[in-house]
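Observations on the three-dimensional arrangement
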Amino acid sequence: MEPLFTPEQLADIHAYHQPYYIRAAVDPLVRLALSALILAVLVRPVYRGATAAAASLERRLGGTLRKAPVSRAFFSAMDRLWGEPGWGAALLFALFIDLATQLLYAPANVYFFYVLEHRHGLSNDTPATFAWMWFKGTLVGAIALTALVIGLYGLARRVRRWWLVLGVPVALLMLVAAALDPYRARLYYDQTPLQEGPLRSRITELMRKADITFSDVVVEKTSVQSKRIQAYFAGQGPTRTIVLNDVILGELAEDEVLAAVAHEAGHVNEPRWPGRIFSSLAVLALLFLIDQLLRLSARRGWWGIQRSGDIRTLPLISLVVFLLITLAAPVAGALSREREREADRYGLNLTGDSGAFRRMLVKAARVNKMDPEPPRWVVLKGMSHPPIGERLTALDAP
């Protein structure tokens, strides 16, 4: 078999990945330093600024907005959820901290997700499309942050066992949240049904052989932004959808697309409930830990806090969540890599076409510029997929 990459391609791949490896090593330290700066220096002045800004907005616009039919209902709901005045200052504090963090990371994000991607031929973004995707992501993040502030802190201020009141419905929602996956993706990319023809018929036949039901096969138009190959299953039960991006249809032959779909079908047959139950219990445990942090902050009077449920604890909670995710990443990555190996074995058995499976992996590696042998520490730190060289070698194993 021909080499996976030419020397020139391999040099380009190494040049592309090297900045990412440096960032992977440095980023945890940067995040810790930024968290220390926020906690030690910025919490008090940002909170004072948010309180002053909220008071100013209330004086100038509060009377009008609280009388208008639509906004009046919104203000009334927010007052009830928060339980007392002050939700405006809390919300502005959270958004100010989030915006400051995003601005600090903006130069690095532009470099990694725009400059570097263009330099190595992986992006079709224009400045306008890049800014639009960033804006949509920021807007979704701001809405999620607002829900977090009002939901978590509003309950924590009014209900003693708020972590249980919030955690149980959230945990139950997580058990079925995967059903919403096909709809979340449409916030960012247009999707259209795969046209009738040989490929659709072969995918349908393959899924019948695998005994996997699905609602549709759609084409996700990611080429407006990226040149990467991608295929995945979204949703579950009646919402399960097979998603192929338009790049994969242009780069891979039909039998190679089938190999990619067969690999993704392997994930459908994974035992999902143990992981979902564990994740739900982990959310409950995390909320209980946050409750203890809120109470500890109030007892110690950190940053002038006098009661549990004060928004000034948000940077501390963010730091604790970051530390927990960082510590859990190696274990989560190891489990994910094993699932990917199982999905490779399943897909190969389903198609019975090792040649197409190999060609699919090779083309994906070339188009997506996968490093065949990344540093071992990068893999152990939490890579979700085995290195492509390892996956190709496994195809030859008895």
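Residues numbered from 1 in each chain as written. Predicted model: local features only at pLDDT ≥ 70, side-chain atom pairs only at ≥ 80, totals over all residues. Heavy atoms only, no water.

For the rest of this paragraph, the subject is the sheet that holds strand β1 (residues 191-193). Spatially, the four strands line up as an open sheet ordered β1-β2-β4-β3, and their pairing is mixed. A strand with exactly one partner marks an edge of an open sheet, and here the two such strands are β1 and β3 (231-234). When strand polarity is set aside, the average angle formed by the axes of neighbouring strands in this sheet is 30°. Of the strand pairs in this sheet, β1 and strand β2 (residues 216-220) are connected by three bridges, and their pairing is antiparallel. By the bridge assignment for β2, Pro-193 is matched with Val-218. Each of β3 and β4 (241-245) touches helix α9 (residues 254-268); the most contacted strand, β3, lies at about 35° to it. (Pairing = 2+ DSSP bridges. Helix = DSSP H or I, 4+ residues; strand = E, 2+ residues; numbered from the N terminus. Axes fitted to C-alpha atoms, helices over the stretch in contact; angles between N-to-C directions. Contact = heavy atoms within 4.5 Å.)

Turning next to the packing of aromatic side chains. According to the stated counting rule, one finds eleven aromatic pairs in the structure shown. Across from the ring centre of Tyr-47, 4.0 Å away, lies the NZ or CZ of Arg-312, which sits over that ring. (Phe/Tyr/Trp six-rings, centres within 6.5 Å; stacked < 30°, edge-to-face > 60°. Lys NZ or Arg CZ within 6 Å of the ring centre and 35° of its normal.)

Further remarks concern a nonpolar patch on the surface. Taken together, Trp-132, Trp-134, Phe-135, Leu-139 and Ile-143 make up a surface patch of nonpolar side chains, about 570 Å² in accessible area. Checked against the element boundaries, Leu-139 lands in helix α4 (residues 127-158). (Patch = residues over 30% accessible without salt bridge, like charges linked within 9 Å, V, L, I, M, F, W, Y side chains within 5 Å. Areas by Shrake-Rupley, 256 points an atom, 1.4 Å probe, with all protein chains shown as cover. Salt bridge = Lys/Arg side-chain N within 4 Å of Asp/Glu carboxyl O.)

Further remarks concern the nonpolar core. One finds Val-149, Tyr-153, Trp-162 and Leu-287 to be the most contacted residues of the largest nonpolar core, which totals 41 residues. Elements represented by at least two residues in this core include exactly α1 (7-65), α2 (69-82), α3 (87-119), α4, α5 (162-176), α10 (273-300) and α11 (314-351). The biggest single contributor to this core is α3, with eight residues. If we skip the residues at most four places from it in the chain, Leu-287 touches Leu-152, Trp-162, Trp-163, Leu-166 and Gly-167. Counting residues in each nonpolar core, the second largest holds 39 residues, with Ala-231, Ile-242, Val-257 and Leu-392 among its members. (Core = buried A, V, L, I, M, F, W, Y, C linked by side-chain atoms within 4.5 Å. Buried < 20%, exposed > 50% of the residue type's maximum accessible area, 1.4 Å probe, protein only.)

A word on the layout of surface pockets. In this model, the second largest pocket occupies a volume close to 940 Å³. Taken together, 30 residues line the second largest pocket, and the ones lying closest to its centre are Asp-98, Leu-145, Leu-148, Leu-314 and Ser-318. Broken down by secondary-structure element, the contributors of at least two residues to the lining of the second largest pocket are α1, α3, α4, α5, α10 and α11. With nine residues, the single largest contributor to the lining of the second largest pocket is α4. Per-class residue counts for the lining of the second largest pocket are 20 nonpolar, seven polar and three charged. (1 Å grid on protein atoms, 1.4 Å probe; cavity = no way out; pocket = protein on both sides within 12 Å on 5 of 7 lines; lining within 4 Å. Points joined across faces, edges and corners; volume = space filled by probe spheres on them. Nonpolar A, V, L, I, M, F, W, Y, C, P; charged D, E, K, R; others polar.)

Once that is clear, we can look at the environment of Met-174. Tracing the chain through its elements places Met-174 in helix α5. The spacing of Met-174 and Val-224 is 50 residues in sequence and 31 Å in space, taken between C-alpha atoms. Beyond its immediate chain neighbours, meaning those up to four positions away, Met-174 contacts Ser-279, Ser-280 and Val-283.

Below, the discussion takes up the packing of α9 against α11. Put simply, α9 and α11 touch, their axes get as near as 7 Å, and they point 125° apart. With respect to each other, α9 and α11 are oriented oblique. For the pair α9 and α11, the crossing hand works out as right-handed. The residues of α11 that touch α9, namely those facing Leu-258, Ala-259, Ala-262, His-263, Ala-265, Gly-266 and His-267, are Arg-339, Glu-340, Ala-343, Asp-344, Tyr-346, Gly-347, Leu-350 and Thr-351. Among the residues making up the contact of α9 with α11, the classes are represented as seven nonpolar, five polar and three charged. (Parallel < 35°, antiparallel > 145°, perpendicular 65-115°, else oblique. Left-handed = near helix turned anticlockwise from the far one by under 90°.)

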